[in-house]
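One-letter residues, chain by chain:
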Amino acid sequence: MARFILKTKQEIGISPDELLFRGEQKIDNVLLRVIDFDANNLEENAVKTVSEVPKYQEKDSVTWFNIDGIHNTDIMQEIAKDFNFEQLIMADVMNTHARPKVQEYDNCIFISIKMLRQDNETDLIQVENLSLIITENVLITFQEIKGDVFEPVRERIRKHKKRIRNSGTDYLAFALLDIVIDNYIYIISVLGEKIETLEENLLLEPKQSVIDDINSYKRELNFLRKNIKPAREMILNLSKMESELIAYSTDVHFKELQDNINQATESSDSYREILSDQLTIYHTTISSKLNDIMKFLTIFSVIFIPLTFIAGIYGTNFDVVPELHYEYSYFIMWMVMIILAVIMLIYFKKRKWF
Amino acid sequence: MARFILKTKQEIGISPDELLFRGEQKIDNVLLRVIDFDANNLEENAVKTVSEVPKYQEKDSVTWFNIDGIHNTDIMQEIAKDFNFEQLIMADVMNTHARPKVQEYDNCIFISIKMLRQDNETDLIQVENLSLIITENVLITFQEIKGDVFEPVRERIRKHKKRIRNSGTDYLAFALLDIVIDNYIYIISVLGEKIETLEENLLLEPKQSVIDDINSYKRELNFLRKNIKPAREMILNLSKMESELIAYSTDVHFKELQDNINQATESSDSYREILSDQLTIYHTTISSKLNDIMKFLTIFSVIFIPLTFIAGIYGTNFDVVPELHYEYSYFIMWMVMIILAVIMLIYFKKRKWF
Amino acid sequence: MARFILKTKQEIGISPDELLFRGEQKIDNVLLRVIDFDANNLEENAVKTVSEVPKYQEKDSVTWFNIDGIHNTDIMQEIAKDFNFEQLIMADVMNTHARPKVQEYDNCIFISIKMLRQDNETDLIQVENLSLIITENVLITFQEIKGDVFEPVRERIRKHKKRIRNSGTDYLAFALLDIVIDNYIYIISVLGEKIETLEENLLLEPKQSVIDDINSYKRELNFLRKNIKPAREMILNLSKMESELIAYSTDVHFKELQDNINQATESSDSYREILSDQLTIYHTTISSKLNDIMKFLTIFSVIFIPLTFIAGIYGTNFDVVPELHYEYSYFIMWMVMIILAVIMLIYFKKRKWF
Amino acid sequence: MARFILKTKQEIGISPDELLFRGEQKIDNVLLRVIDFDANNLEENAVKTVSEVPKYQEKDSVTWFNIDGIHNTDIMQEIAKDFNFEQLIMADVMNTHARPKVQEYDNCIFISIKMLRQDNETDLIQVENLSLIITENVLITFQEIKGDVFEPVRERIRKHKKRIRNSGTDYLAFALLDIVIDNYIYIISVLGEKIETLEENLLLEPKQSVIDDINSYKRELNFLRKNIKPAREMILNLSKMESELIAYSTDVHFKELQDNINQATESSDSYREILSDQLTIYHTTISSKLNDIMKFLTIFSVIFIPLTFIAGIYGTNFDVVPELHYEYSYFIMWMVMIILAVIMLIYFKKRKWF
Amino acid sequence: MARFILKTKQEIGISPDELLFRGEQKIDNVLLRVIDFDANNLEENAVKTVSEVPKYQEKDSVTWFNIDGIHNTDIMQEIAKDFNFEQLIMADVMNTHARPKVQEYDNCIFISIKMLRQDNETDLIQVENLSLIITENVLITFQEIKGDVFEPVRERIRKHKKRIRNSGTDYLAFALLDIVIDNYIYIISVLGEKIETLEENLLLEPKQSVIDDINSYKRELNFLRKNIKPAREMILNLSKMESELIAYSTDVHFKELQDNINQATESSDSYREILSDQLTIYHTTISSKLNDIMKFLTIFSVIFIPLTFIAGIYGTNFDVVPELHYEYSYFIMWMVMIILAVIMLIYFKKRKWF
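Counting restarts for each chain, with residues numbered from 1 along the sequence as it is written. Whichever chain is written first is A, and whichever ligand is written first is 1; the rest continue in order. Per-residue local features of the predicted model are confined to residues with pLDDT of at least 70, and side-chain atom pairs are confined, for both listing and counting, to 80 or more; whole-chain, interface and lining totals are unaffected and use all residues. Side-chain numbers here rest on the full set of heavy atoms in the structure, without hydrogens or water.

**With respect to the overall build of chain A**
Phase 1: Scanning chain A from N- to C-terminus turns up nine helices and seven strands.
Phase 2: Taken over the C-alpha trace, chain A has a radius of gyration of 35 Å; the compact-globule value for 354 residues is 20 Å, which it surpasses by more than 25%.
Phase 3: Dimensions of chain A, computed from the C-alpha atoms along their principal axes, are close to 120 × 45 × 35 Å.
Phase 4: Relative to its 354 residues, chain A shows a buried fraction of 60%.
Phase 5: Note on contacts: a residue pair is in contact if any heavy atoms of the two residues lie within 4.5 Å. By sequence separation, contacts in chain A at least 24 residues apart represent 69% of the contacts at least 6 residues apart.
Phase 6: The accessible surface values rely on the Shrake-Rupley method and a 1.4 Å probe; as for residues, cover is taken only from the protein chains in view. Looking at chain A as shown, the accessible area adds up to about 14,900 Å², and 52% of this sits on carbon and sulfur atoms. Runs of E in the DSSP output that reach at least two residues are strands. Runs of H or I that reach at least four are helices, and both are numbered from the N terminus. Just to be clear, the radius of gyration here is over C-alpha atoms, and the globule rule we use is 2.2 Å times residues to the power 0.38. Throughout this description, buried means an accessible area under 20% of the type-specific maximum (1.4 Å probe, protein chains only), exposed means over 50%, and partly exposed covers the range between.

**Notes on the domain arrangement of chain A**
How big an interface is tends to be stated in terms of accessible area lost as the parts join.
Phase 1: Throughout, the edges of the domains are those of an automatic or database domain assignment. When cut into domains, chain A gives domain 1 (9-283) and domain 2 (295-351).
Phase 2: Centre-to-centre separation of domain 1 of chain A and domain 2 of chain A, based on C-alpha positions: 77 Å.

**Points about the relation of the copies chain A and chain B**
What relates the pair of chain copies is a rotation about an axis plus a shift along that axis.
Phase 1: Copies overlap after least-squares fitting; the atoms used are the C-alpha atoms of residues with pLDDT of at least 70 in both. Screw-axis analysis of chain A against chain B gives a translation of 0.0 Å along the axis, an RMSD of 0.1 Å, and a rotation angle of 72°. Both copies of the chain, as the preceding transformation shows, are related through a five-fold rotation axis. Of the C-alpha atoms belonging to chain A, the one lying closest to the rotation axis is found on Gly 315 of chain A, 4.4 Å away.
Phase 2: A share of only 9% of the interface residues of chain A reappears at the interface of chain B, consistent with the copies meeting through non-equivalent patches.

**Focus: the sheet that holds strand 5 (residues 109-119) of chain E**
Residues and elements named next belong to chain E.
Phase 1: Pairing is mixed in the open sheet, where seven strands are placed in the order 2-1-3-7-6-5-4. Edge positions in the open sheet fall to strand 2 (42-47) and strand 4 (101-104), since each of these has one partner strand only. Taken over all neighbouring pairs, the strand axes of this sheet differ in orientation by 20° on average, direction set aside.
Phase 2: Whenever a helix is involved, its axis is fitted only over the stretch in contact; in every case the axis is a line through C-alpha atoms, and angles between N-to-C directions fall within 0 to 180 degrees. Along the sheet, helix 2 (residues 73-83) contacts strand 3 (62-68) and strand 7 (138-143); its crossing angle with strand 7, the most-contacted strand, is approximately 165°. By this definition, two strands are paired if DSSP reports at least two bridges between them.

**Considerations on the interface of chain A and chain B**
Phase 1: Listed per partner, the contact involves 65 residues of chain A and 63 residues of chain B.
Phase 2: For the chain A and chain B pair, buried surface summed over both sides reaches about 5,800 Å², with 59% attributable to carbon and sulfur atoms.
Phase 3: Once two parts are joined, some of their accessible surface, as seen by a 1.4 Å probe, is lost; buried area is that loss totalled over both. Area buried by chain A at its contact with chain B is led by Glu 266, Phe 309 and Phe 318 of chain A, which between them contribute 12% of it.
Phase 4: Here, a salt bridge means any side-chain nitrogen of Lys or Arg that lies within 4 Å of a carboxyl oxygen of Asp or Glu. Where Glu 266 of chain A meets Arg 99 of chain B, a salt bridge forms, and the shortest distance between an N and an O atom there is 2.4 Å.

**Here's the deal with a negative patch on the surface**
All names here are of chain B.
Phase 1: A surface patch of negative charge is lined by Asp 60, Glu 86, Glu 104, Asp 106, Glu 136 and Glu 244.
Phase 2: With respect to the helices, strands and loops of the structure, Glu 244 is situated in the loop between helix 7 (209-240) and helix 8 (251-313).
Phase 3: On the basis of relative accessible area, Glu 244 is assigned to the exposed category, the value being 83%. In this analysis, a patch consists of residues with relative accessible area above 30% that form no salt bridge, clustered at 9 Å for like charges and at 5 Å for the nonpolar side chains Val, Leu, Ile, Met, Phe, Trp and Tyr. In this charge count, Lys and Arg are treated as positive and Asp and Glu as negative; neither His nor the chain ends contribute. By convention, the point assigned to a charge is CZ for Arg, NZ for Lys, CD for Glu and CG for Asp.

**Side note on the pairing of strand 5 (residues 109-119) of chain C**
Residues and elements named next belong to chain C.
Phase 1: In terms of burial, strand 5 is a largely internal element, 10 of the 11 residues being buried.
Phase 2: By the bridge criterion, four bridges tie strand 4 (residues 101-104) to strand 5 in an arrangement that is antiparallel. Bridged to Lys 101 within strand 5 is Ser 112.
Phase 3: The loop that links strand 5 with its antiparallel partner strand 6 (residues 124-134) comprises four residues; one of these, Asp 123, has a positive phi angle of about 65°.

**Some remarks on the environment of Val 34 of chain E**
Residue and element names in this part refer to chain E.
Phase 1: In this structure, Val 34 sits in strand 1 (residues 31-37).
Phase 2: Residue Val 34 is classed as buried on the basis of its relative accessible area, which comes to 1%.
Phase 3: Here the alpha-carbon distance between Val 34 and Thr 135, two residues 101 residues apart in the chain, equals 15 Å.
Phase 4: If near-sequence neighbours (up to four positions away) are discounted, Val 34 is found in contact with Glu 43, Glu 44, Asn 45, Val 47, Val 53, Tyr 56, Thr 63, Trp 64 and Phe 65.

**Some remarks on the confidence of the model for chain A**
Phase 1: Scored from 0 to 100, pLDDT reflects the predictor's confidence in each residue. When pLDDT is averaged along chain A, the result is 86; 98% of the residues meet or exceed 70.
Phase 2: Across the interface, the model reports ipTM at 0.75; the global pTM reads 0.81.

**Focus on the layout of surface pockets**
Phase 1: Site definitions follow a grid-based scheme: protein atoms alone, a 1 Å grid, a 1.4 Å probe that fits but cannot get out for cavities, and for pockets an open set with protein on both sides within 12 Å along at least five of seven lines, plus lining residues having an atom within 4 Å of a point. Grid points are joined across faces, edges and corners, and a volume is the space filled by probe spheres set on the points. Estimates place the volume of the second largest pocket at around 1,400 Å³.
Phase 2: For the second largest pocket, the lining is made up of 46 residues, of which Val 252 and Lys 255 of chain C together with Leu 88, Gln 103 and Tyr 105 of chain D are closest to its centre.
Phase 3: Mapped by element, the contributors of at least two residues to the lining of the second largest pocket are helix 5 (162-166), helix 7 (208-240) and helix 8 (251-313) of chain C together with helix 3 (87-93), strand 4 (101-104) and helix 7 (208-240) of chain D.
Phase 4: Broken down by element, the residue count for the lining of the second largest pocket peaks at nine residues, all from helix 8 of chain C.
Phase 5: Residue classes in the lining of the second largest pocket are distributed as 14 nonpolar, 12 polar and 20 charged. Here the nonpolar group is Ala, Val, Leu, Ile, Met, Phe, Trp, Tyr, Cys and Pro; Asp, Glu, Lys and Arg are the charged ones; every other residue, Gly included, is treated as polar.

**Some thoughts on the relation of the copies chain E and chain A**
Phase 1: Turning chain E through 72° and shifting it by 0.0 Å along the axis lays it on chain A, with an RMSD of 0.0 Å.
Phase 2: Comparing contact sets, just 9% of the residues at the interface of chain E also lie at the interface in chain A, consistent with a heterologous contact between different surfaces.

**Some thoughts on the pattern of salt bridges**
Phase 1: Evaluated as defined, the whole model comprises 98 salt bridges over all chains.
Phase 2: The partner of Lys 26 of chain D in a salt bridge is Glu 144 of chain D, with the nearest N and O atoms 3.3 Å apart. Separated by 118 residues along the polypeptide, Lys 26 of chain D in the segment before strand 1 (31-37) and Glu 144 of chain D in the loop between strand 7 (138-143) and helix 4 (151-158) bring together distant segments of the chain.
Phase 3: Relative accessible area serves as the criterion here: at 36%, Lys 26 of chain D is assigned to the partly exposed category.
Phase 4: Note on Glu 144 of chain D: relative accessible area 7%, which makes it buried.
Phase 5: Measuring nitrogen to oxygen at the nearest pair gives 3.2 Å for the salt bridge that ties Glu 151 of chain D to Arg 158 of chain D.
Phase 6: Overlapping salt bridges bring together Asp 92, Arg 99, Lys 101 and Glu 233 of chain A together with Glu 256, Asp 259 and Glu 266 of chain E as one network.

Okay, structure coming up:
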């Protein structure tokens, strides 16, 4: 699981707009893809060089330019030049340790967010930094590796879905952010199901392994919250932004995003509380069980203690111990012992000790 | 009890205005009912097809169009067309996992809230998604199943209650929301009574089952809070909304709603704290009881330990043990033992150990 | 002690402006009292019927119309008609379960607050719903039972205290609210004294009963906070209200009210924390005491265990046990035992085990 | 230590502007002192009667009129009359239970704050109510007893310090409040040092007395916070106040006050947390130590239990116990016992039980 | 580690603009350095006396005047005079105990912040007070000792980095603050790595030393938060400041600072929670392990107790104990004992006691 914060000694004091890749390089080659569409036409292809892209800028159609791999400084430099972006933006794109944020510039809106993906095979959560730059006609997205969660949006574009084909880059950006947040909710859903399953097992048979599970779920939830919280803040800032690049009709969609991420936050809070409660239940059950055992054993011992004492008394070798010489002494001793044990049992029972 | 959050893999990335039923389908057929009234006239009937409804739109009277069953995409599509609603609204109506919200549109206000109902027979709480669309003359409500909690409002309309018959769709919407929130309060009332009963039992006889009860009440309260909290936020937004569809005179009623839901929130907070306190009391009582038992038993054992030791001494087979041969040794041993036990008891008593 | 929240099945869905008494009826007959005064004149009498009151409305003097008993719908109806109040106000007056609030209307300000009274004989706190309606010349107060805490204000009016006789209904309302909040502070004072007394006893001799006391004080504090918190919110709203019915010169007094209720809140918070600390101290002291006992007893037992073992060895009946036949064996055994015990004691002491 | 809140039965319902001393009278006679200065002149003397003061009002110089003892109603009345203050101000001055506050009036600003002083001999903290009234040319301060913490300010005035001699009553008031808050910080500093010393001792040798220390420091911190928190709120209000009595150039100083009191608050929060942590460490250390002892003792006992059992076996008096009659039986028994004990020790060691 | 708050008795009541060094003097001589640059020229040298500096004020180039050592009152006085600063600024510079803050003056902006540095050799964190004064052409920085963290900025200036050489004092100030905050993040990174390493060890083998580590990390985190929190507040105020000294284009950088310090805060919060969780895990693991040991030992003892009792019975010396005289009695006793032990073991196993 990713570290909460990371800054190497080398990164300190570097100029914020210096193009320097910060993070772990995950792929070798940078992959460029372009989808260009309007209500009627659709063009989709892999692009070889960045230099092919600027021409789309002049077209009225919406162009979605996706870049997988953010470690190549030259490409970043070229994009900055072609689109006339401030260098600070490209530096932010290349910094995978940055906090989710939205920033308005003269000619674009820059958005960065963590993209989480549940890998169903390994059951691990993959984190990836996603950056979006919204300009008037072109939406540029930057991802760390090739696979992404955006296939449904591409499908919607391909299938001529009316809404997305008739809207601008703002709606396209919304659609992508919507999927990112849907994935947050999905991941919480999956985790939530595990937590609720744990609960049932917990009441059936409390095992030591439960602690490990609770702890690992807690850590996972912590990690999710750490990513969701600043994203929520970012979405809030986005929905309050009054930019010409965001059409009035898209506003309601950003409100929807806010609702979704609020739901994610609240659910993660609820599961957090449930985990705490589970820990308490576990402790209570375990300690109550141990107490029962110890109580049983102690009572058991206590009953034998006076009996052993009596036997000890008649094991002494005094010359004169009158009881030793009566014929029925031995049997009387047994009777006394049994009566004593029964009295003690009754007494303990009466005081509700077992 | 419903899951806190639910998102299936399939739901990710679907366009937000795609009409897709998300949730568990609870009834087969969609049921349509219309109540149309003004100060003087009242017309109430079940409607066969949605196409009968739009005609009410032109009448000056207030029309309450209620739809039970939200899984039928065709009907939703038709309503959207007839009333000229944005498709996003209908998509929200069909999503039972959505968070309570209020959203203003050009021609209507959309409200969604969770409707909770205490089923007195099964003692379970039923959750249902309720959506309201307020237009100028028509109020449309969407429910998941047939039964609802709105009968008192229908009664008020039928009984010619002056206020409701003279007001518009805004007041009608208020009346419905008021009932929904009254039910929140009622459910908390019922739960609160159980919690207070538990308290009395707790002090009389602390049993293991108390933990289970506290835990289940805690879960129930958690569930209530999870539904009430976003509803409260929604009501707040509603009362701050400056829409032409909400008459100035209705404003004071929405303030009332706010007061009620605040009361619900505060009470649930209080009961939450009480449950925490009860858990503490339970633990304290249980552990204090166990401590008393263990202390008693330990003291009991400790008294016999030196006595058994003495008996052991005179059970040894040394050739020369002078004490063994005095005539009264055995009786002296008993006396010493008794004196020793009494001294220990006095010592323990003096140090307030029992 | 009153329930935190109460809503009966019957109350759900009733129109908010329906005049229906909600609560427990505490007296049979409604009692009406009028005090009418200006700087020079004072008239004070019990009134038989509500119809006598409206005439005061036209006088320039300040009239304080007090009503004990709020269950009579007819009287409420008549007041609403005479003073031209909205019916919602009267419905709020009759609802003892409502949350403290302040609401501005066209012709009046409606205030409701919980009046708490420390009954010095029974040591119980009585709760009563108090409603005030401030109009230009008349202040109407509604109480549930006859006795109240307002006698000092009546005295101030009777004794020609300059300020109150020269001010309007707003200052009179302030004076009444001031007393209500003074009583909050007084009740917290009384409770605080008990808590501080408990503290001293706690350190002298921790008893089980302390838990019960702490718990009952905690509950009481919880109850107070539950009533004070919304009152505080209400006072805040009141002091921010820009109404013609509240003279500018009275503003400073409402700020004073705010200070007082803030003080009440902060003190209750402090006592809450003190109670939590006391619980911790109690637990620590008790468990530390138990630990000492158990440690002592365990060490005591442990010392005898090897001694008893030695005695056991020489109690065996082997044909050949050379030690048994030396003359001083028995005495040597005693010596060995004593030395062993001393060594163990020294060892335990050295490791600071007792 | 002062009570958190105090309201006697008698104080309830008294008119807020009634001149009534509330608190504990600490000195017999009221002491009046006047310092009058401008950039060039300085006059300092004790004044016999209040009537000497008003004349300073007309002078352009700054007059600091200090009154020790606030129980004398006549003097308060006279001041109110001479300076034309509202009676409410004087009533506030005489109420030592009031919450720190700042209030703007037409002709003055009224400030009240708790003055805390560390008494280095008794190591106790003295609390005193301090009231300041800022008018154009005169600053009036009211204290409960004679000694105060303001000597450094008097020194600065006497030593012709430029800034204070050239400024008005507002800067003088700032200088006094600055000292009050400096004392808060000093008291927290002193307490903080004790807490940090405790920490070191805690790790060296955890004793029961630590609990008492932690508890008493916690109480003291609680008490400080209770006084600092409303003072902080008051300072905030003061720095936001737009009054003609506060020169623009003094604004930056009130910001400084805010910084200081924020620092005090944050430090008290930090120490609070440290105390909580210390309690946890104490508990952990103590219980871990106890556990070690109990484990040792239990293992010790457990090793002897089977040995004693074996001895018991050969202490039986059966006619036929073949082992008893072999020559080396006794020695074999010893060997078996020793081997058994060693095996058990190895087993326990291997499982890391000690 | 530095104290949370420090105020000596002597510091109370000193005039806030009195030039008095408060803190621990760390170097003997004050060191003055000047870097003067514009897009084309760069001049860097150590300065002997303060009097050389004012001449830079008139140049259009950006001058960074750095002063190491803040204890010399004369130098401060001279700077105040040369640059026409208010004396309060210099007093703030000389007070190392002050809280991070930003304050706007007529001719400058004053910023103070704590500079933290991870000393990689001693693994300790060094704290130093850093003050910045931004004027139109000159940036003055004050440090307590000679070494600093600003070398990368000097490098950027020397290497003709375009951005920094073309910007004003505001951007230079940003670059310095950026490094300070980068160091905060780096320190948290380093601490975070230790905490995550601890976690792995914790699960492998819980030792007592873990408590000490957790406690020391907690203390360190506490210390960081104590410094970061007010810095964050300061940065927020800075980014909201509308001063002519801060160019519009630098605004976006101050937003970046805010993001960074928010990230630092959130990460420190996360690690705080992780430490709490670790403590819980440690406790759970330790106590669960102890419980297992105690349970084992108790069961072990309990099995021998009835056996020892039986042996005791046949060790009695009664004249008539029939069993003693049967030939196989002794062997039967052994069998009975073994069967008893096995039954008990099966019973305990069945009830899942071990």
